[in-house]
Every structure is written in structure tokens, then in C-alpha cells.
Amino acid sequence: MTSPLQQKLKVTGPVVVTANRLGDGAVVYRSADGSWTKDLAAAAVVTTTPAAIELLTAALADKLKAVDAYVAPVELTPQHVLPGNLRERIRFNGPTVALPGER
Amino acid sequence: MYIYDDFDRTLVDERVREFRDQVARRLSGELTEEEFKPLRLMNGVYLQLHAYMLRIAIPYGTLSSDQLRMLAHVARRYDRNYGHFTTRQNIQFNWIKLEELPDATADLARVGLHGMQTSGNCVRNITTDQWAGVAPDEIEDPRIWAELLRQHLTLHPEFSFLPRKFKIALTASAHDRAAVKIHDIGLRMHRNGAGEAGFEVMVGGGLGRTPFLGKTIKPFLPKRDLLSYVEAIMRTYNQYGRRDNIYKARIKILVHELGAERFAREVEEEWRSIKDGALALDPAVVDDIAARFRYPDYEALADDPPELAQARADNRFRVWLDNSVSNHKLPGYAIVTLSLKPEGAPPGDATAQQMDAIADVAERYSFGEIRVGHEQNLALPHVAQRDLPALWRALDEIGVATPNVNLISDIIACPGLDYCSLANARSIPVAEEITRRFKDLDLARNLGRLHINISGCINACGHHHIGHIGILGVEKNGEEYYQVTIGGRADEGAELGKILGPAVPYGEIADVVEDIAAAYLELRERPDEIFIDTVARVGVDPFKERVYAAR
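Here the structure is a predicted model, which is why all the values come from computation and not from measurement.

Procedures and definitions
Residues numbered from 1 in each chain as written. Chains lettered and ligands numbered in written order. Predicted model: local features only at pLDDT ≥ 70, side-chain atom pairs only at ≥ 80, totals over all residues. Helix = DSSP H or I, 4+ residues; strand = E, 2+ residues; numbered from the N terminus. Rg over C-alpha atoms; globule rule 2.2 N^0.38 Å. Buried ≥ 20, exposed ≤ 12 C-beta atoms within 10 Å, placed from the backbone. Contact = placed C-beta atoms within 7 Å. Nonpolar A, V, L, I, M, F, W, Y, C, P; charged D, E, K, R; others polar. Pairing = 2+ DSSP bridges. Axes fitted to C-alpha atoms, helices over the stretch in contact; angles between N-to-C directions. Expected span 1.5 Å × (residues − 1). Domains from an automatic or database assignment. Parallel < 35°, antiparallel > 145°, perpendicular 65-115°, else oblique. Left-handed = near helix turned anticlockwise from the far one by under 90°. Core = buried A, V, L, I, M, F, W, Y, C linked by C-beta atoms within 7 Å.

J.: Can you lay out the overall build of chain B for me, pointing to particular residues and giving the numbers?
T.: If you tally the helices and strands in chain B, you get 18 helices and 21 strands. Compactness check: chain B gives a C-alpha radius of gyration of 23 Å against a globular reference of 24 Å for 551 residues, within 12% of the reference. Along the longest, intermediate and shortest principal axes, the C-alpha atoms of chain B span 60 × 60 × 60 Å. Expressed as a percentage of its 551 residues, the buried residues of chain B come to 55%. Contacts in chain B between residues at least 24 apart in sequence constitute 68% of all its contacts with a sequence separation of at least 6.

Below you can see the structure in the form of C-alpha cells.
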């Protein structure tokens, strides 16, 4: 039987696995060594559905460090790994507006 | 203010201890996220895009200065120095850490504040008129009835796992400032032919992806029957509401599918079996709750004191007075609205410094009491008119005296995609840009009463359907687009807005609002025909032509 993950996930470009850190909710990315990092450049980037499922399955098995892991698109440039859509850009960079008291 | 008793304090303190233990067990790994999530939601803790969010209830929108100072303390110590007042008389902190939540909730409990039932499929914070107890057109203080319902429905074992969340609002004034028709249950106090006060009961209102206005199922409910009748509605919903499909689980869908008449019959049948039982209200119980709402020791004052007449010579003061100050039920006093909508800032946000300053000002000029309205502004309910000039200077200094209350820049907006994990598009920068376009207060005043509501997704936390101009953010091929409605209204004449035309991209939405405003100025019959009345008279088409002619 196909797992629900396999049924939903269809990877057509570079992706990472992202989640929120348990203790403070900060945005984190899964790295190749199985740790979580706030640095998108240090995230494991995969480009195929089986590789994404493997990365996500390992991330979801970590019940303690991060919450609500999912696969998110990224853009690769020669120098950088960039978030792949507006939602992920906002998660990575923070709100697009000045926070009260900061303006 | 309402004086909470030992029972209330014990309840909140016990919950703090329980939640502290639950958080510790989650952080140690003893609880999984699946086990912990419903527990944190029961305490108002969400996980958003960047961080946890804590939502705290402000029952019937009434805060003391001590409570507001505590909110400032939480903002400063556990968050990023600000809080966000919502459209349901709650405040949200957007950057709170799970590790620190137990301490934050313990601090809040010291002043009787908590996040219980601000999330989850239970009865949420019961909201009412932010002018309750001081509005000149009020039959009686609706907070008495909100508090009665709060006591009955807090941790009510039968209603802690409803098919979906459940929102109740009350008004006791002819002019509805609580948007009761868009609530699961809306209660409007009025008098019957015999002069007795009771409630019109409306059910099945709500916005979201399937918006409905509440339907009246009981034109007049005697006060003694309030608890039993609400109980009967909730039992009917609990029994027949759909649990198989989250999009069809709200009571509005049940009322729509059954029809209001059949739903009312089901409620009546349930009600018959309980109306004369333990839930029939003993007037002594109501009197006891009423006695716990303490009113200030007002002085006997006259309207229009000389201090006010002198201060009117200052144009800036006069503009603020005309815009933000409203009549009080007593002569010599006034209700003052504090605009949390300065130009170019997120609607409803207040910094810790502002909260502290407002708490001080309230202590000095409003008997230590502050109100929170669904429009995401604050109010001081008991201000002596002679103090208005000094109060204005104090409020102006801290940036909450923008004279734009009920004007086009007094925008209601959800947090949108800048914070919310459900959102498809941003709300706050759209609101900020519109306030910049209409920063000329002469223009805003010329446009008159005009409510803009913005939601970043179909869940409609910004109540876009009932905005005079409603803006809904959607996503199209990875880009933010905005669908515009006009003609909605939230008051006693509540209406859902009508779609103007195709959605427009992010970069054009403020232009569209300017086009609508310009069309209104041309279409209105006279300067005092407000926007919503012009739309009702001429319909959507003239606005549509104006907006889409050049697009």
C-alpha cells in the first residue's frame, strides 16, 4: 500500500525539508547530517520524490527537536539557496513589514 | 470592572499548573506533538509561520490598568515588545517561546488573564459592545449576560468538544457595535411590547468560506431563559452538527441545511425539556453577577465644561474631539476611542510602551478602565469632559490619537501571510499602503464613514465580507491577488458585500481602493450620504465600471 506521504508528494525541482523548532517555534531546515539548522544554505537540498520522502520521513521521526515538518521548494543560484515561494521567503526573512517599535 | 472571585482565580491558577506540566512533558519528549497540540490549543497557543502565538481572551473587552500593564510586561519580557488586538476582543503575542509560555501564563494569571477557550472546538471568548455600561442608547449592561454565559460555558463538559469552534456575541444597544449577526449565536437585547427586556436570538451567522448572516429563531427570549435556550441551541448543534467535514462543521451550515424554521423547532423541542429546570435563571444569581460589575464613583458634572470650550480653539484638538470622542450615558463624561491605526502601521498593534502609557492614562482619566473593540481599537469609557484636552495631549504623545476612527484608514485587518500559517496573501502591507494613500485627513473626513476590512485568506479573520470595502487575499500561480467586495456592513443592518470583479494583483489593490473612493465622491447625492448608502442606492455596477475601465 502506498503511504500517504508518497501519494501527496511530487517533487519537480529542488526542495528542502523545513519545520518549526519545538522550543521556540523558529524556522529550521533539515541538514544532510540529520540535524536542524536555521541556515537555509546548510539545508539538504534534494530534487527527486524518493529523496524528498526519505528526508521528510527522517525529519518526521524526530519527535523532539522540530514540529510540523514538510517539504518546501527552493531556488538554487550559483551562490545561494533561496526560498522558493513567497510563504517560504516570509518564513525565512520574517515579516515583510517593520515590527511595531522598530520603525 | 468585574470583580472575579476565588473560584475564578483557582480555576486559572490550576490551569497554569496543569499547562506548565504539559509543556515540560512535551519538551522532555514524554508527550508527542500529536498529544500536545490539542492541549496547547486549549490554552490559546498556536504555531504560526515563525513562532508560537499566544492568544489571550479579554472577556467582554474590558481591561483594567493593571491587566494592561501585565500585557505590556508579557510583550516586553516574553515577546518582541508589542501585542496585536484582534477582531474578537483578544490580544495575540506573535513571538512567544514554548519554553517560556508557562511563566508567561503564570504572570497573566496574577491579573486574571488567560488563554483558555481562545482556540479549539469550544465556546470562544464571548464578545460584546466595547461601550457596554456607558453607551447612552443601551437598555442595560450586556456584560452581565456575557459574564453569565462565560461562567456557564467555561469548561462546560458537554461543549468542550463541539463539531467546530463556537462564537457568541451580545449587544444591548439599538446600534450594534458587536457585529452580532456574524456570530454562531448573536443576542440582541431589546424590549417587547410590554416593555420587558429580553433577547432576540440569532443563530448561524459566520463568515469564512461560506458566509451567512445569523437568522432569528427567537424574536423575544425572556431573560430568565437565556441559559436554557443557549444550552438547547448548543445541544442541537452538538447532536446534528457535522463532524465528518471541517468545512461543513460550523453551526451556520447546519442551520442553512436544515433551514432556520426546522432548526428552531429542534431547539424548541430540546428547550422544552430543560427550560424550567436548573438552568432557569434565579434573579438573585443575575443580581449577584451584576453587583460584581463595579462602576466608578462618577461626579455630578455638566456637559460642555469651560475647559472644553477653550480647548476647541485648537484645530487639532477639535478635529480629534469630533472624530474620536462619543457621548456617554452620563452628562459631563465621554467615551474616548484610541486609534490603533496610525499611518503606515499594522492595524491593532500596540507596543509595550504604549500599553503602559495607556494604562497610566486610564488610571488618571478613566477610573483605571480600558475597553477593546472588534474594530481593533481601544476605548476609555469614563472620561470627564473637562479632562479631554489633557487626555488628548497624553494620547497624542504616544501615537494613539490619530483622528481617523470610522474613516477609511481605520482598517480592520488580520495578521495575514506576514505571520499566519493559514494565510494565502499579506494583509498588513496592504492596510499600511491604504493608510498612506489616505493620510490626508481632510480627504478621509470628506469620504466620511467608510470601513475597510482585509483578510489574508478565506477564513476571514479580517471580516472582509462585512467591510464597506472588503479585501480578500488569494493566491494565483504563486502571486498574491486581492478580490474586492463592496456593500458589506457589520452593524444592525448587517449585509454581506458583493464582489466587484476579477481579483487584482498586490501592486494594484491600493489603486483600486482609490478608484472606489473617487467613484463614491462622484456618485453620492450629498456629502452626508455615506459610502454604504451610496452603494445601496446605486449598486455595484458604477463602481465596477470605474475600477475596471482602465484595467
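J.: Can you explain the overall build of chain A? Please cite residues and give values.
T.: When you go through chain A residue by residue, the secondary structure sums to 3 helices and 5 strands. Ordered by position in the sequence, the α and β elements of chain A form the string α-β-β-β-α-β-β-α. Relative to a compact globule of 103 residues, whose C-alpha radius of gyration would be 13 Å, chain A shows 14 Å and is just as compact. Dimensions of chain A, computed from C-alpha atoms along their principal axes, come out at roughly 55 × 35 × 25 Å. Out of the 103 residues in chain A, the part that is buried amounts to 32%. Residue pairs at least 24 apart in sequence account for 55% of intrachain contacts in chain A once pairs closer than 6 positions are excluded.

J.: I'd like to hear about the interface of chain B and chain A, residue by residue, with values.
T.: Across the contact, 28 residues belong to chain B and 23 residues belong to chain A. Secondary-structure elements contributing two or more residues to the side of chain B that touches chain A are β13 (349-351) and α14 (428-437) of chain B. Top element by residues in the side of chain B that touches chain A is α14(B). It accounts for 3 residues. A breakdown of the residues in the side of chain B that touches chain A according to their chemical character gives 13 nonpolar, 6 polar and 9 charged.

J.: Help me get a handle on the sheet that holds β13(B), residues and values and all.
T.: All names here are of chain B. Spatially, 5 strands are ordered β1-β2-β5-β4-β13 in an open sheet, and the strand pairing comes out antiparallel. Unpaired on one side and paired on the other, β1 (45-47) and β13 mark the two borders of the sheet. Neighbour-to-neighbour, the strand axes of this sheet turn through a mean angle of 30°, independent of strand direction. Two strands pair when backbone bridges link them, and β1 and strand β2 (residues 52-57) are joined in this way by 3 bridges, in the antiparallel orientation. Of the residues in β2, the one forming a bridge with Val45 is Leu54.

J.: Outline helix α12 (residues 352-365) of chain B, supporting the account with residue identities and numerical values.
T.: Here α12(B) contains 14 residues, and its C-alpha end-to-end distance of 20 Å stays within 8% of the 20 Å for a straight helix at 1.5 Å per residue. Phi for B:Phe367, located one or two positions after α12(B), is positive at around 55°.

J.: Run through the sheet that holds strand β15 (residues 378-384) of chain B, naming residues and quoting values.
T.: Residues and elements named next belong to chain B. As summarised here, the arrangement of the 5 strands in space is β3-β14-β15-β12-β11, forming an open sheet in which the pairing is antiparallel. If you trace the sheet from one side to the other, it starts and ends with β3 (62-64) and β11 (325-327), each paired once. Strand-to-strand twist of the sheet, defined as the mean angle between neighbouring strand axes without regard to direction, takes the value 35°.

J.: Describe in detail the domain arrangement of chain B, supporting the description with residues and values.
T.: All names here are of chain B. Split into domains, chain B comes out as domain 1 (6-109), domain 2 (134-292), domain 3 (306-397) and domain 4 (412-549). Taken over C-alpha atoms, the centre of domain 1 sits 33 Å from the centre of domain 4. The interface of domain 1 with domain 4 comprises 5 residues on the first partner and 8 residues on the second.

J.: Tell me about the packing of helix α16 (residues 509-523) of chain B against helix α18 (residues 541-549) of chain B, and please be specific about residues and values.
T.: Residues and elements named next belong to chain B. Between α16 and α18, the least distance of the axes is 9 Å, while the angle of their chain directions is 130°. Taken together, the axis directions place α16 and α18 in an arrangement best described as oblique. Crossing angle aside, the handedness with which α16 passes α18 is right-handed. Contacts from Val512, Asp515, Ile516, Ala519 and Leu523 of α16 reach α18 at Pro542, Phe543, Arg546 and Val547.

J.: Go over unusual backbone geometry, please, and point to the residues and values.
T.: Generally, phi is negative for residues other than glycine and the peptide bonds are trans, each holding for most cases. Residue and element names in this part refer to chain B. Here the phi dihedral of Gln117 falls at roughly 60°; this positive angle occurs in a residue that is not glycine. Within the element layout of this structure, Gln117 appears in the loop between α4 (101-109) and β6 (127-128). Among the residues examined, Gln117 registers 24 C-beta atoms within 10 Å and is labelled buried. Although it is not a glycine, His463 sits at a positive phi angle of roughly 55°. Within the fold, His463 resides in the loop between β17 (452-455) and β18 (469-476).

J.: Please give an account of the environment of A:Glu88 that cites residues and values.
T.: Residue and element names in this part refer to chain A. Here Glu88 lies in helix α3 (residues 86-93). Looking at Glu88, the number of C-beta atoms within 10 Å reads 20, which means it is buried. Sequence spacing of Glu88 and Val27 is 61 residues, and the spatial spacing of their C-alpha atoms is 9.7 Å. Ignoring anything within four residues of it in the chain, the contact list for Glu88 reads Ala72, Pro73 and Pro83.

J.: Lay out the nonpolar core with the relevant residues and their values.
T.: Counting 192 residues, the largest nonpolar core has B:Ile96, B:Ile358 and B:Ile516 as the members making the most contacts within it. In this structure, B:Ile516 is in contact with B:Ile469, B:Ile486, B:Phe543 and B:Val547, ignoring residues within four places of it in sequence.

J.: Break down the packing of helix α7 (residues 251-258) of chain B against helix α8 (residues 260-272) of chain B for me, with residues and values.
T.: All names here are of chain B. Between α7 and α8, the least distance of the axes is 6 Å, while the angle of their chain directions is 110°. Taken together, the axis directions place α7 and α8 in an arrangement best described as roughly perpendicular. Only Ala260, Arg262 and Phe263 of α8 make contact with α7, whose side of the interface consists of Leu254, Val255 and Leu258. Residue classes in the contact of α7 with α8 are distributed as 5 nonpolar, no polar and 1 charged.

J.: Could you give me a rundown of the pairing of strand β19 (residues 479-486) of chain B, with the residues and numbers involved?
T.: All names here are of chain B. Burial analysis of β19 places 6 of its 8 residues in the buried class, which makes it a mostly covered element. Pairing geometry for β18 and β19, over 8 bridges, is antiparallel. Its bridge partner lying in β19, Lys476 is registered against Glu479. For β19 and strand β20 (residues 498-499), the ladder comprises 2 bridges, and the chain directions are antiparallel. Across the sheet, residue Thr485 finds its bridge partner in β20, namely Ile499.

J.: Quick rundown of the environment of B:Glu307? Include the residues and the values.
T.: Residue and element names in this part refer to chain B. On the secondary structure map, Glu307 appears in helix α10 (residues 306-311). A C-alpha to C-alpha distance of 8.5 Å links Glu307 and Leu388, two positions 81 residues apart in sequence. In this structure, Glu307 is in contact with Arg386 and Pro389, ignoring residues within four places of it in sequence.

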